[in-house]
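Topology and contacts: notes
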Amino acid sequence: MTAPHAIDGAALLDEVEAFHRRFNVFPTEAAYVAVALWDAHAHLIDCFETTPRIAFLSPEPGSGKSRALEIVELLTPRPVATVSASANALYRLVDSADGLPTVLFDEVDTIFGPKAGADEALRGFLNAGYRRIGGALRCVGEGSNQNAQVFNSYCAVAMAGLGSLPDTVLTRSVIVRMRKRAPNEKVEPYRQRIHEKQGHALRDRLAEWADTVRDQVAQAWPAMPDGVSDRPADVWEPLLAVADAIGGDWPGRARAACLELISAAHDNDEASLGVRLLTDLRDKVFCGADRMPTAAIIECLLRMDDAPWGDLDDKPINSRTLARLLGQYVTPANKPIKPRGIRTPSGFPKGYYAEDLTDAWTRYCPPSPEESATSATSATPQVNRGESVADTATPIRHTSAEAATQPTLAH
């Protein structure tokens, strides 16, 4: 049997990236790297334990999301494009004998939320199919002659939509936040009759290359960049394995893109609202106090102009929302954080104790500004006539109304 001829994987993926650049303006260089690697990973999906979703999201229409899906469609195996499909149809499509499809979901934002109705089942499909062992139990047959059958759902999925997506989908995705093109950003007009053949030629060469590295990739355990673990590592492991198999400068570019896009996802992740609340409570509300009435907490949060607390689902944060968000976390005694009575000169209002929040602060929040400043200056000379940078931070100033309820700082 003739061995397959050597294929320069790095040069081939350079061509794939260049093909995307002809028709797409992505927000960062990291996005081009991730999308090209994702195209290649779709040809090797049987080698991995997980397959990351790729999500092209934007706040407004006309940002190039659908065009990005069109180009991905040309470069991936057995693509199936849809804007409306039932979960049952997709389960049967994936479980067919024709091979794993690449599902391309446009307008995916329309299938989530309280108005989605039966389409909510698609969330289960997207979540279950992210991991090879995922699947769905369905009844098949007619009338009373029904049998339970497990349908496979593991397949590559690319999505495009407005706004954001549920956290369960976002955390399984490489996120590319698209923007409207600026006047100086030009792309080549896409003509399907011309460019489809060019894209399919690249697709076929990717498939040929994939066959030469399949065994290598199936045994790969790529090294993760420092700080990348848990779900982000699951998402990026297939893409880094592909980059290592490709060689050239792709392993380094892939890891740089990994760090950049993970960081950007955290910056925009709505699911981190709880972490944002904990951090604001530690750094801008409690500020060393050992307890704080709920009314004073709400007042402090609403005064933060750059924070989301004045507009949560079209209304400002209130005591009930505060309790719900904090109730997701636990005290050092492993009990949900709840408001407790606080004795003050004017009464016994409900509020929160720092000792209940300390475990959540330690586990979920980034280092405090004081800790960061101390770390940054620990190896440098002191400044400002003996004061360290941490000493020069300006403390939060409270209004006189808040001062009435402000407790004595813990020492």
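So, a few notes on the structure that sits alongside this text. (Residues numbered from 1 in each chain as written. Predicted model: local features only at pLDDT ≥ 70, side-chain atom pairs only at ≥ 80, totals over all residues. Heavy atoms only, no water.)

1. Structural notes on the overall build of the protein
Of the regular secondary structure elements, the protein holds 15 helices and ten strands. Evaluated residue by residue, the protein yields a buried proportion of 44% over its 411 residues. Put simply, of all contacts in the protein between residues at least 6 apart along the chain, 71% involve residues at least 24 apart. Working note: accessible area of the protein is about 21,500 Å², and carbon and sulfur atoms make up 51% of it. (Helix = DSSP H or I, 4+ residues; strand = E, 2+ residues; numbered from the N terminus. Buried < 20%, exposed > 50% of the residue type's maximum accessible area, 1.4 Å probe, protein only. Contact = heavy atoms within 4.5 Å. Areas by Shrake-Rupley, 256 points an atom, 1.4 Å probe, with all protein chains shown as cover.)

2. Remarks on the sheet that holds strand 9 (residues 340–341)
Pairing is antiparallel in the open sheet, where three strands are placed in the order 8-10-9. Whereas interior strands pair on both sides, the edge strands pair on one side only; in this sheet they are strand 8 (291–293) and strand 9. As defined by bridge partners, strand 8 adjoins strand 10 (residues 350–353) across three bridges and the pair is classed as antiparallel. Residue pairing across strands places proline 293 opposite glycine 351, the latter belonging to strand 10. (Pairing = 2+ DSSP bridges.)

3. Remarks on the environment of proline 52
As for its placement among the helices and strands, proline 52 is situated in the loop between helix 2 (29–42) and strand 1 (53–58). Between the C-alpha atoms of proline 52 and proline 232, which are 180 residues apart in sequence, the distance is 9.5 Å. Setting aside anything within four residues of it in sequence, one finds proline 52 in contact with Trp38, His41, Tyr130, Val157, Arg172, Val174, Val235, Pro238 and Leu239.

4. Remarks on the packing of aromatic side chains
Where two aromatic rings form a pair, the distance of their centres and the angle of their planes describe that pair. Under the definition given, this model contains six aromatic pairs. On the basis of an interplanar angle of 75 degrees and a centroid distance of 5.7 Å, the ring pair of phenylalanine 286 and tryptophan 361 is categorised as edge-to-face. On the criterion of sequence distance, the pair formed by phenylalanine 286 in helix 10 (residues 273–286) and tryptophan 361 in helix 13 (residues 354–364) is long-range, its members being 75 residues apart. Grouping residues by exposure puts phenylalanine 286 and tryptophan 361 together as buried. Here a set of aromatic residues connected by ring pairs shows up, and it is made of Phe19, Phe23 and Tyr190. The positively charged end of arginine 21 is found above the aromatic ring belonging to tyrosine 32, 3.9 Å away from the centroid. (Phe/Tyr/Trp six-rings, centres within 6.5 Å; stacked < 30°, edge-to-face > 60°. Lys NZ or Arg CZ within 6 Å of the ring centre and 35° of its normal.)

5. Digging into helix 8 (residues 230–246)
Its 17 residues place the ends of helix 8 25 Å apart at the C-alpha level, agreeing with the 24 Å of an ideal helix rising 1.5 Å per residue. The largest bend along helix 8 reaches roughly 40 degrees and is located at tryptophan 236, with the proline proline 238 sitting one to four residues downstream. When we look at burial in helix 8, the residues that qualify are Ala233, Val235, Trp236, Pro238, Leu239, Leu240, Ala241, Val242, Ala243, Ala245 and Ile246. Looking at the residues trailing helix 8, positive phi occurs at glycine 247, about 80 degrees. (Expected span 1.5 Å × (residues − 1). Bend = angle between axes of the 7 residues up to and from the residue.)

6. Observations regarding the nonpolar core
The biggest cluster of nonpolar side chains holds 63 residues, and the ones touching the most others in it are Leu37, Phe56, Trp209 and Trp236. No other element matches helix 2, which puts eleven residues into this core. The contacts of tryptophan 209, once residues within four sequence positions are left out, are Ile7, Gly9, Leu12, Ala40, Leu44, Val242, Ala245 and Ile246. Listed in part, the 27 residues of the second largest apolar core include Leu277, Trp309, Leu325 and Leu357. (Core = buried A, V, L, I, M, F, W, Y, C linked by side-chain atoms within 4.5 Å.)

7. Thoughts on the sheet that holds strand 6 (residues 156–162)
A sheet is described by the order of its strands in space; here five strands give the open sequence 2-3-6-1-7, paired in parallel fashion. The open sheet has two edge strands, strand 2 (79–82) and strand 7 (173–177), and neither has a second partner. Pairs of neighbouring strands in the sheet enclose a mean axial angle of 15 degrees, with direction left out of account. In the packing of helix 2 onto the sheet, contacts are made with strand 1, strand 3 (102–105), strand 6 and strand 7, and the angle to strand 6 comes to roughly 140 degrees. Of the strands in this sheet, strand 1, strand 3 and strand 6 are in contact with helix 5 (residues 121–128), which crosses strand 6 at around 135 degrees. (Axes fitted to C-alpha atoms, helices over the stretch in contact; angles between N-to-C directions.)

8. Thoughts on unusual backbone geometry
One non-glycine residue, arginine 78, lies in positive phi territory at about 45 degrees. Within the element layout of this structure, arginine 78 appears in the loop between helix 3 (65–75) and strand 2. By relative accessible area, which is 44% here, arginine 78 ends up partly exposed. Although it is not a glycine, cysteine 287 adopts a positive phi angle of roughly 50 degrees.

9. Concerning the environment of isoleucine 133
Among the structural elements, isoleucine 133 can be located in the loop between helix 5 and strand 4 (135–142). For isoleucine 133, a relative accessible area of 76% corresponds to the exposed category. Remark: the alpha-carbon pair of isoleucine 133 and threonine 50, spanning 83 residues in sequence, is separated by 8.9 Å.

10. Overview of the pattern of salt bridges
Within the structure shown, the criterion is met by 18 salt bridges. Close ionic contact of arginine 282 with aspartate 283 constitutes a salt bridge, the shortest N to O distance being 2.7 Å. Judged by its relative accessible area of 15%, arginine 282 falls in the buried class. Relative accessible area serves as the criterion here: at 24%, aspartate 283 is assigned to the partly exposed category. (Salt bridge = Lys/Arg side-chain N within 4 Å of Asp/Glu carboxyl O.)

11. As for the packing of helix 10 against helix 13
Between helix 10 and helix 13, the shortest axis-to-axis distance is 10 Å and the interhelical angle comes to 120 degrees. Classed by the angle they form, the pair helix 10 and helix 13 counts as oblique. Here helix 10 and helix 13 pass one another in a crossing that is left-handed. Where helix 10 abuts helix 13, its residues Val275, Leu278, Leu281, Arg282 and Phe286 lie against Ala354, Leu357, Ala360, Trp361 and Tyr364. (Parallel < 35°, antiparallel > 145°, perpendicular 65-115°, else oblique. Left-handed = near helix turned anticlockwise from the far one by under 90°.)

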